[in-house]
Amino acid sequence: MAKKTDIESIPRERWEVEKAAEEIRRYLIRLCEDYDRGNLFAIVLVAVILRTLLKTKGQSISVFEQLGWHTNLFVDSRSPEGGFSFWEIGDNVSNHTFLMQKEVYGGLLKKKVCNTPEGLKFDFAPLLDVNRRSKQISFIDWYGGDKDEDKEKNKVLKVGEYKFTREDCIENVADKDGGAHFDPTIPIDYYALRQPTSLKIIVDGQVARFNQNPVYVSVRQIAWEVLKSWDKVKK
C-alpha cells in the first residue's frame, strides 16, 4: 500500500481557495459573536480558524499565503506599553488607589472596573476599535517575527520573564484548550499568562482578580485585527 506522502497531489484553483476563505470568514465572525455573548469555548475555535488562516509550516500553507495576502499590511491595535492605557472606570471608583507593575503588559486588552454591592468588579475586554492610533505593520512582525529576539518588540502579553506574541496566543489556545488537543499539562508560560491575576494590577494594596482569561480576550482582539486587515485586502 502506498504511503500517504507518496500520493500525488493536485493544486487547488484560486477560485476554490477564495470561496473557502469567504466561508471561513463568515464562520469566524459568528464565532466571535458567540464568544461575545458568553460562550467561552467559542474562542478556542476562533484560535483554530486563525491558525488555519495564518500559519504556514512545512507543507501546510496558510489560507492567506495561498491567496498572497500575507504580503499585505496588518492592523496593529496594541496599546502603548506602560501606564494606564485604555481603562473604563465606572462611577464611585475614583477614591480607590490603582498601581500597575512595570513588568506586565496587556497590549490588546481594555481594563474595566465598576462598583457593585459586593465591591469592585474587574473585567478584561478586547479593545476592538477603541485605539484610534492603530497602525499597519508587516505580517511577519504582526504575527510575532521569525527570530527569538523579535519576541520582545512584537509581544502582546507580558508577565515578568514570560512574553506572548499573537502567534503564541493563537497556538496555545488552539493546541492546549481543546481545539486540537486538551493536554493534561500546560506550558508554564501559558499558565502564568492566563491567570485572572496575571497582570498584577494592585488596587488598594491587593492584586485585582479579573473575571476573564487575558489570553482568550487577546485572541478575540487578534480576530478583530484579522477581520479589519481582511477588509482592507478586499477593497
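First things first, this report covers the structure right here in the doc. (Residues numbered from 1 in each chain as written. Predicted model: local features only at pLDDT ≥ 70, side-chain atom pairs only at ≥ 80, totals over all residues. Heavy atoms only, no water.)

## So, the overall build of the chain
1) Next: From N to C terminus, the chain includes eight helices and 11 strands.
2) Next: With respect to the principal axes defined by its C-alpha atoms, the chain has extents near 70 × 45 × 35 Å.
3) Next: Counting contacts in the chain only where the partners sit at least 6 residues apart, residues at least 24 apart contribute 65% of the total.
4) Next: Of the roughly 13,200 Å² that the chain leaves accessible, carbon and sulfur atoms contribute 50%.
5) Next: Each charge sign in the chain was given a centre, from 37 positive and 36 negative side chains, and these centres are 2 Å apart. (Helix = DSSP H or I, 4+ residues; strand = E, 2+ residues; numbered from the N terminus. Contact = heavy atoms within 4.5 Å. Areas by Shrake-Rupley, 256 points an atom, 1.4 Å probe, with all protein chains shown as cover. Lys, Arg positive; Asp, Glu negative; His and termini not counted. Charge placed at Lys NZ, Arg CZ, Asp CG, Glu CD.)

## Overview of the nonpolar core
Among soluble globular proteins, nonpolar side chains are generally buried collectively.
1) Next: Counting residues in hydrophobic clusters, the biggest one holds 57 residues, and the most contacted among them are L28, V46, L50, L53, L54, W142 and V226.
2) Next: Apart from the residues lying within four places of it in its own chain, the contact partners of L28 are V46, I49, L50, L53, A223 and L227. (Core = buried A, V, L, I, M, F, W, Y, C linked by side-chain atoms within 4.5 Å. Buried < 20%, exposed > 50% of the residue type's maximum accessible area, 1.4 Å probe, protein only.)

## So, helix α2 (residues 42–54)
1) Next: Taking 1.5 Å per residue as the helical rise, α2 with its 13 residues ought to reach 18 Å, and the 18 Å between its terminal C-alpha atoms agrees with that figure.
2) Next: When you tally the buried positions in α2, you get 10 out of 13 residues, the bulk of the element.
3) Next: Among the residues of α2, A42, I43, V44, V46, A47, I49, L50, R51, L53 and L54 are the ones counted as buried. (Expected span 1.5 Å × (residues − 1).)

## Comments concerning the side chain of D175
1) Next: The topology assignment puts D175 in helix α6 (residues 166–176).
2) Next: A distance of 2.6 Å separates a polar atom in the side chain of D175 from a polar atom in the side chain of R51.
3) Next: When residues no more than four places from it in sequence are discounted, the contact partners of D175 are R51, A180, H181, F182 and D183. (Polar contact = N/O pair within 3.5 Å; in protein donor to acceptor, adjacent residues only side chain to side chain.)

## Focus on the layout of surface pockets
1) Next: In this structure, the largest pocket occupies an estimated 350 Å³ of space.
2) Next: Each residue belonging to the lining of the largest pocket can be placed in one class, and the counts come to five nonpolar, four polar and three charged.
3) Next: What the second largest pocket holds in volume is close to 290 Å³.
4) Next: Along the walls of the second largest pocket sit 14 residues, with Y35, L40, N211, Q212 and N213 positioned nearest its centre.
5) Next: When residues of the lining of the second largest pocket are assigned to their parent elements, the largest contribution, three residues, is made by strand β6 (residues 119–126). (1 Å grid on protein atoms, 1.4 Å probe; cavity = no way out; pocket = protein on both sides within 12 Å on 5 of 7 lines; lining within 4 Å. Points joined across faces, edges and corners; volume = space filled by probe spheres on them. Nonpolar A, V, L, I, M, F, W, Y, C, P; charged D, E, K, R; others polar.)

## What about the pairing of β6?
1) Next: The sheet contact formed by strand β5 (residues 109–116) and β6 spans eight bridges and is antiparallel. Paired with K111 across the two strands is F124, which belongs to β6.
2) Next: Hairpin connection of β5 to β6: two residues between the antiparallel strands. (Pairing = 2+ DSSP bridges.)

## Notes on the pattern of salt bridges
1) Next: Scanning the model with the defined rule gives 21 salt bridges in all.
2) Next: For E22, the salt bridge identified is with R25, shortest N-O distance 4.0 Å. Taken together, the positions of E22 and R25, both in helix α1 (residues 14–36) and three residues apart, correspond to about one turn of that helix.
3) Next: Overall, the relative accessible area of 26% leaves E22 in the partly exposed class.
4) Next: By relative accessible area, R25 is classed as buried at 11%.
5) Next: Residue K151 pairs with D168 through a salt bridge whose shortest N-O separation is 3.0 Å. Pair noted here: K151 is in helix α5 (residues 150–154) and D168 is in helix α6, with a separation of 17 residues, a long-range link.
6) Next: Here the salt bridges share partners, and the residues they tie into one network are D76, R78, R166 and E225. (Salt bridge = Lys/Arg side-chain N within 4 Å of Asp/Glu carboxyl O.)

## Considering the sheet that holds strand β10 (residues 201–203)
1) Next: On the basis of which strands lie adjacent, the open sheet formed by three strands has the order β3-β10-β11 and antiparallel pairing. Unpaired on one side and paired on the other, β3 (98–100) and β11 (206–207) mark the two borders of the sheet.
2) Next: When β10 meets β11, the two strands line up antiparallel, connected through two bridges. When the sheet's bridge partners are listed, V203 is paired in β11 with Q206.

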